[in-house]
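Residues per chain, in single letters:
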Amino acid sequence: MSASRTIPSAEARAGGILRYTFGERLIHWIAAFSYVYDLVTGLSFWSPYLFLGAAAAGGGPTARFWHPWLGVLFAATMVWMYAMWCGDMATSDADRAWWRARRHYIRNEDEKLPAIGRFNYGQKLFFRVMLWGIVLLLLSGVGLWLTDSIPWSLRWLRYLAILVHVIAALATMAGFIIHVYMGTAMVRGSFTSIVSGEVTPAWARMHHRLWYEQVTRPPSTRK
Amino acid sequence: MSQATLRIQKISGHPGPVPGAGTQRDLQVCKLVDVTTCIGCKACEVACLEWNGLPYATTSFDNTYQTMPETTWNFWNLIKFSEHQQENGTLMWLMRKDQCMHCAEPGCLMACPADGAIVQYDNGIVDFQQANCIGCGYCIAGCPFNIPKFNSHTKKVFKCTLCADRVAEGLEPACIKACPTGCLHFGTKSDMAGLAEARARQLREHSGFANAGVYDPPGVGGTGVIYVLHDAANPEAYGGLPKDPRIPWVVRLWKGPAKWVGNLALAGGLVAAAVHYMRFGPKRAPEDESRKGERP
């Protein structure tokens, strides 16, 4: 499912470049739904001032019932995304050079950045935060889910589960805030790309030039 | 001890202070358990089941005089039995009535995220309100005494109520009513503390128990159930009564500093995104030759 296998002229509509296949977009939105449900209900268990989230998600007991199951669903989408993107998410030398020059990216001085492949290093970091985050959230979440099955002599498992769940959740939330900000307000064209799948050639040249060159090369010259 | 003592003093998961807090003079109630005069008859266990209308709980025989290993969601009052060898080689049967301690600073209440699922009345009784319970089980982690127990069918947590319904009507709890030896007493906290101290002094001065004392652990702000022990230096011998119970440090960290650090970090992230947008604005790709006239 990597981008090099897709032929833009065949799948994308006239003028656009296919950035995300239908399968990629679908799994992204399943992940987004399950994460947001657990974010909203999790924050309501975190602070009474945010309990309206649980009310909106079906009430406290309902939210407590679905929170772990949606967590399992989110973990499953992460497994899928890992299988789908692990090649694209590997760090390259171009990424290292890009990361050193990240202040230009932050200041919108994109012309000073080195050319990079399908994902930039920030996206790769976000992917890793979510990947390791869900590993920790799932492990600690099982301890909180079945907390009454833990015997008194192993009660330290409950304390560990609380600590790990809170820290991992906050880490994913930090990534999530940046992800949503950049995907909607900051990087114009990226939100439509995860809905329709398409980006303009100019967008692809500006943000992911190496990927652009790879996917627009005539099929016969591809490796 | 009237209905007025059931005014709510502390409340779980509630945004803001307790409505009506501090509007009345407090009157703390307390149960005194003198373990030195308990004969292990278990009348209190039966009285608890009877008064609270609890369904039958399976008992298990483990070659001791203990009904089951620990309290359950439908068995709130358990006599813990221990065979204890003293330093001089003699044997003692220790019987300790185990139930909710009704801590002045309840760890269950601190850990609970559900508005009003756990309350502490002005009289000091810590009570679970199952109608508001969401079944998360955080109270189980918050308790230093292993008391809240989960019903996996209803997904609610239960424990001893100190017979708040009886206390509200000016009656003593059912367990106290049933005790045949007078090892259980009920009254105000100050009266019970005085009685306990007097009994401990009697044990030290006249019965040869040099370490006799009162168990009213300060780590949880004192408790609404206090014990007279023959050996107050070794509460663990009495069916694992913790020596210095405290709300687990993870729970205190989580509900204290971690909450503020986490909230500030989240708010900081949102503010930083907004400030970045105002300072640098969106990142736009140059208009595409092939898409002129279309909206991106």
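Above this text sits the structure in question.
Everything numeric in this text was worked out from a predicted model, so none of it was measured.

> It is not clear to me how the overall build of chain A should be interpreted in this structure. Could you clarify?
For chain A, the helix and strand inventory stands at eleven helices and two strands. Starting at the N terminus and walking to the C terminus, you meet the elements of chain A as α-β-α-α-α-α-α-α-α-α-β-α-α. The C-alpha extent of chain A, read off along each of the three principal axes, is 65 × 35 × 35 Å. Residue burial in chain A is summarised as follows: out of 223 residues, 49% are buried. The long-range fraction of contacts in chain A, counting pairs at least 24 apart against all pairs at least 6 apart in sequence, stands at 71%. When the accessible area of chain A is evaluated, it comes to approximately 11100 Å², of which 70% is carbon and sulfur surface. Side chains of chain A give 22 positive and 12 negative charges; the mean places of these two sets differ by 3 Å.

> So what exactly am I meant to see when it comes to the interface of chain A and chain B here?
Size of an interface, as often reported, equals the accessible area lost when the parts are brought together. Counting residues at the interface gives 44 residues for chain A, matched by 46 residues for chain B. Between chain A and chain B the total buried area reaches about 4000 Å² when both faces are included, carbon and sulfur atoms providing 67% of it. The interface formed by chain A and chain B holds one salt bridge in total. Between B:Lys283 and A:Asp110 there is a salt bridge, with its nearest N and O atoms 2.8 Å apart.

> Just checking my understanding: could you explain the sheet that holds strand 10 (residues 213-215) of chain B for this structure?
Strands pair in a sheet through their backbones, by hydrogen bonds, and they do so in one of two ways: parallel or antiparallel. Residues and elements named next belong to chain B. The sheet built from four strands is open, its strands ordered 9-2-11-10 with mixed pairing. Only two strands of the sheet have a single neighbouring strand rather than two, namely strand 9 (184-188) and strand 10. Across this sheet, the average inter-strand angle for adjacent strands is 25 degrees, counted without regard to direction. Taken together, the three bridges between strand 10 and strand 11 (residues 225-229) define a ladder with antiparallel strand orientation. Residue pairing across strands places valine 214 opposite valine 228, the latter belonging to strand 11.

> I keep staring at the pattern of salt bridges and nothing clicks. Help me out?
A side chain of one charge can pair with a side chain of the opposite charge if their charged atoms are brought near each other. Residue and element names in this part refer to chain B. Going through the model one piece at a time under the given rule, you end up with twelve salt bridges over all chains. Here aspartate 98 ties to arginine 96 by a salt bridge, and the two come within 3.2 Å at their closest N and O atoms. Note on accessibility: aspartate 98 and arginine 96 belong to one class, buried.

> When you look at the state of the cysteines in this model, what are you seeing that I'm missing?
Linking two cysteines covalently through their sulfur atoms gives a disulfide. For the coordinates displayed, the defined rule picks out zero disulfides over all chains. Between B:Cys179, a free cysteine, and B:Cys183, which holds the nearest cysteine sulfur, the sulfur-to-sulfur gap is 4.2 Å.

> Which parts of the structure should I look at to understand the packing of helix 5 (residues 93-100) of chain A against helix 7 (residues 121-145) of chain A?
Helix-helix packing: each pair is described by the crossing angle between the helix axes and the interaxial distance. Residues and elements named next belong to chain A. Between helix 5 and helix 7, whose axes approach to 9 Å, the crossing angle comes to 100 degrees. With respect to each other, helix 5 and helix 7 are oriented roughly perpendicular. Here Asp95, Trp98 and Trp99 of helix 5 come into contact with helix 7, specifically with Tyr121, Gly122, Lys124 and Leu125. Along the lines of polarity and charge, the residues of the contact of helix 5 with helix 7 split into four nonpolar, one polar and two charged.

> Before we go on, may I ask you to explain the packing of aromatic side chains in this structure?
For any pair of aromatic rings, the description rests on two quantities: the centre-to-centre distance and the angle between the ring planes. All names here are of chain A. Applying the stated criterion across every chain, the model contains 16 aromatic pairs over all chains. Residues tryptophan 29 and phenylalanine 191 carry aromatic rings whose centres are separated by 6.0 Å and whose planes lie at 80 degrees to one another, so their mutual orientation is edge-to-face. On the criterion of sequence distance, the pair formed by tryptophan 29 in helix 2 (residues 22-46) and phenylalanine 191 in helix 9 (residues 190-195) is long-range, its members being 162 residues apart. Judged by relative accessible area, phenylalanine 191 falls into the partly exposed class, the value being 41%. Ring centres of tyrosine 35 and phenylalanine 74 lie 5.4 Å apart, and the angle between their planes is 50 degrees; on these two criteria the pair is classed as tilted.

Definitions and cut-offs
- Residues numbered from 1 in each chain as written.
- Chains lettered and ligands numbered in written order.
- Predicted model: local features only at pLDDT ≥ 70, side-chain atom pairs only at ≥ 80, totals over all residues.
- Heavy atoms only, no water.
- Helix = DSSP H or I, 4+ residues; strand = E, 2+ residues; numbered from the N terminus.
- Buried < 20%, exposed > 50% of the residue type's maximum accessible area, 1.4 Å probe, protein only.
- Contact = heavy atoms within 4.5 Å.
- Areas by Shrake-Rupley, 256 points an atom, 1.4 Å probe, with all protein chains shown as cover.
- Lys, Arg positive; Asp, Glu negative; His and termini not counted.
- Charge placed at Lys NZ, Arg CZ, Asp CG, Glu CD.
- Buried area = accessible area lost by both parts, 1.4 Å probe.
- Salt bridge = Lys/Arg side-chain N within 4 Å of Asp/Glu carboxyl O.
- Pairing = 2+ DSSP bridges.
- Axes fitted to C-alpha atoms, helices over the stretch in contact; angles between N-to-C directions.
- Disulfide = S-S within 2.5 Å.
- Parallel < 35°, antiparallel > 145°, perpendicular 65-115°, else oblique.
- Nonpolar A, V, L, I, M, F, W, Y, C, P; charged D, E, K, R; others polar.
- Phe/Tyr/Trp six-rings, centres within 6.5 Å; stacked < 30°, edge-to-face > 60°.

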